[in-house]
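Here is what each chain is made of, one letter per residue.
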Amino acid sequence: MRNARALLWACPLYVALLVVLFLGEPGHGSEAVQWIAGALLAALAALVVHRSGLLRRRPRVYLSHRRSDSAAETGRVVAALRRRYGRRAVVVGPPAVRWGSSLREEVGRAVSRCDVVCIVIGTDWTTSTNSSGRRRLMHVRDPVRVEVETALHAGVATLPVLVDGASAPDPVDLPETMRELADRPAVTVPPGPAATRHDDLFVRLDEQVRADPADPDARPPRLRSRPPRAASPSP
């Protein structure tokens with residue numbers, strides 16, 4: 001919406017600029033007046049575009065979630081991020097696994113091209129169990145665990161996003177390879193229909209881009225080595 005308003009203002013200004021420069025009547029001193037007016041219009045249009053954020057680099061976000069825990073709220077977060085940054089700026093995991101590859105490798109490729117990995121955490125994120133009653137996070141091939149471990153080990157900014165009234169996970173409830181996540185400051189998305197409820201998330205993402213302005217597509221993958229796989233306790 002903000003970008004649309006900026007374009008709504010900028011386009012008529014550029015049209016006026018063209019009219020002033022090329023359709024003005026020739027005469028004594030009129031050319032200088034036309035160029036001065038054109039320069040003022042161009043500066044005003046550039047200011048409108050700059051203030052709108054159209055020229056700023058947008059963060060590229062990888063979003064991890066557990067469907068059984070926060071599918072509905074994750075959908076709202078994704079919609080809000082895509083409205084603000086564009087559809088291609090948001091990658092929703094887990095990625096499809098191509099023949100000859102593995103989930104961990106595919107996640108590593110996707111994460112290395114992003115500025116931030118958002119981990120959406122609902123009330124059942126740490127306690128969700130599989131059909132045998134075992135906590136999913138204790139399974140080394142659990143997609144959410146793979147995503148968190150990969151992001152932490154890759155050195156990519158990792159942001160817990162708390163939804164549905166959830167609290168930040170306790171380190172004792174996490175596998176050893178994921179406990180660093182509990183040390184990361186979280187963003188809380190409050191429940192309700194308020195249009196501003198994702199603003200804190202936007203602020204954190206924008207701050208991350210200002211802190212790390214390099215284009216992620218131009219960076220080499222930051223994956224160091226495969227994260228250690230801690231032995232899972234018996235159920």
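Scroll up to find the structure.
For the structure given in this document, a descriptive report is provided here. The structure presented is a predicted model; accordingly, all values stated were derived computationally and were not measured.

It is worth spelling out the overall build of the protein at this point. Along the backbone of the protein there are 6 helices and 5 strands. The 235 residues of the protein split such that 39% are buried. Look at the contacts in the protein between residues 6 or more apart in sequence, and 78% of them connect residues 24 or more apart. Total accessible area on the protein stands at roughly 13400 Å², and carbon and sulfur atoms take up 58% of it.

Strand β3 (residues 116–121) sits mainly inside the fold: 6 of its 6 residues count as buried. Taking every second residue as pointing to the same face, both faces of β3 are buried, with Val116, Cys118 and Val120 on one and Val117, Ile119 and Ile121 on the other. Bridging between strand β1 (residues 61–64) and β3 involves 4 bridges; their strand directions are parallel. Bridging across to β3, Leu63 finds its partner in Cys118. Summarising the sheet, β3 and strand β4 (residues 157–162) pair through 6 bridges and their orientation is parallel. When the sheet's bridge partners are listed, Val117 is paired in β4 with Thr158. In this region the chain leaves β3, passes through helix α5 (residues 143–154) and returns to the parallel neighbour β4; the handedness of that crossover is right-handed.

Attention shifts here to the packing of aromatic side chains. Scanning all chains against the criterion turns up 1 aromatic pair. Between Tyr85 and Phe202, the ring centres sit 6.1 Å apart and the planes meet at 90 degrees, which makes this aromatic pair edge-to-face. Placement of Tyr85 in helix α3 (residues 67–85) and of Phe202 in helix α6 (residues 199–211) is noted, with a sequence separation of 117 residues between them. Each member of the pair, Tyr85 as well as Phe202, carries the same accessibility label: buried.

The subject of this paragraph is the pattern of salt bridges. In total, this model carries 9 salt bridges according to the counting rule given. The salt bridge partner of Glu73 is Arg197, with a shortest N-O separation of 2.8 Å. Of the two residues, Glu73 sits in helix α3 while Arg197 sits in the loop between β5 (187–188) and α6, which places them 124 residues apart along the sequence. The buried category is assigned to Glu73, whose relative accessible area is 6%. Residue Arg197 is classed as buried on the basis of its relative accessible area, which comes to 8%. The closest approach of N and O atoms between Arg145 and Glu149, which form a salt bridge, is 2.8 Å. Taken as a pair, Arg145 and Glu149 lie in helix α5 at a separation of 4 residues, close to a single helical turn. On the basis of relative accessibility, which here comes to 1%, the residue Arg145 falls in the buried class. For Glu149, a relative accessible area of 2% translates into the label buried. Linked through salt bridges whose partners overlap, the residues forming this network are Glu73, Arg76 and Arg197.

Quick look at the side chain of Thr177 now. Inspection of the secondary structure puts Thr177 in the loop between β4 and β5. Of the polar contacts made by the side chain of Thr177, one reaches the side chain of Glu149; its length is 2.3 Å.

A separate point is the environment of Glu180. Position of Glu180 among the secondary structure elements: in the loop between β4 and β5. Judged by relative accessible area, which is 39%, Glu180 ranks as partly exposed. At a separation of 2.4 Å, a polar atom in the side chain of Glu180 contacts the side chain of Arg184.

Next up on the list: the sheet that holds β5. The 5 strands lie next to each other as β2-β1-β3-β4-β5, forming an open sheet whose pairing is parallel. At either end of the open sheet lies a strand with only one pairing partner, and these are β2 (90–92) and β5.

A few words now on helix α4 (residues 103–112). By the criterion of burial, α4 is predominantly enclosed, with 8 of the 10 residues buried. Those residues of α4 lying buried are Leu103, Arg104, Glu106, Val107, Gly108, Ala110, Val111 and Ser112. On its buried face, α4 sits against β1, β3 and α5.

Thresholds, definitions, all that
- Residues numbered from 1 in each chain as written.
- Predicted model: local features only at pLDDT ≥ 70, side-chain atom pairs only at ≥ 80, totals over all residues.
- Heavy atoms only, no water.
- Helix = DSSP H or I, 4+ residues; strand = E, 2+ residues; numbered from the N terminus.
- Buried < 20%, exposed > 50% of the residue type's maximum accessible area, 1.4 Å probe, protein only.
- Contact = heavy atoms within 4.5 Å.
- Areas by Shrake-Rupley, 256 points an atom, 1.4 Å probe, with all protein chains shown as cover.
- Pairing = 2+ DSSP bridges.
- Right-handed = clockwise from strand over helix to strand, strands pointing away.
- Phe/Tyr/Trp six-rings, centres within 6.5 Å; stacked < 30°, edge-to-face > 60°.
- Salt bridge = Lys/Arg side-chain N within 4 Å of Asp/Glu carboxyl O.
- Polar contact = N/O pair within 3.5 Å; in protein donor to acceptor, adjacent residues only side chain to side chain.

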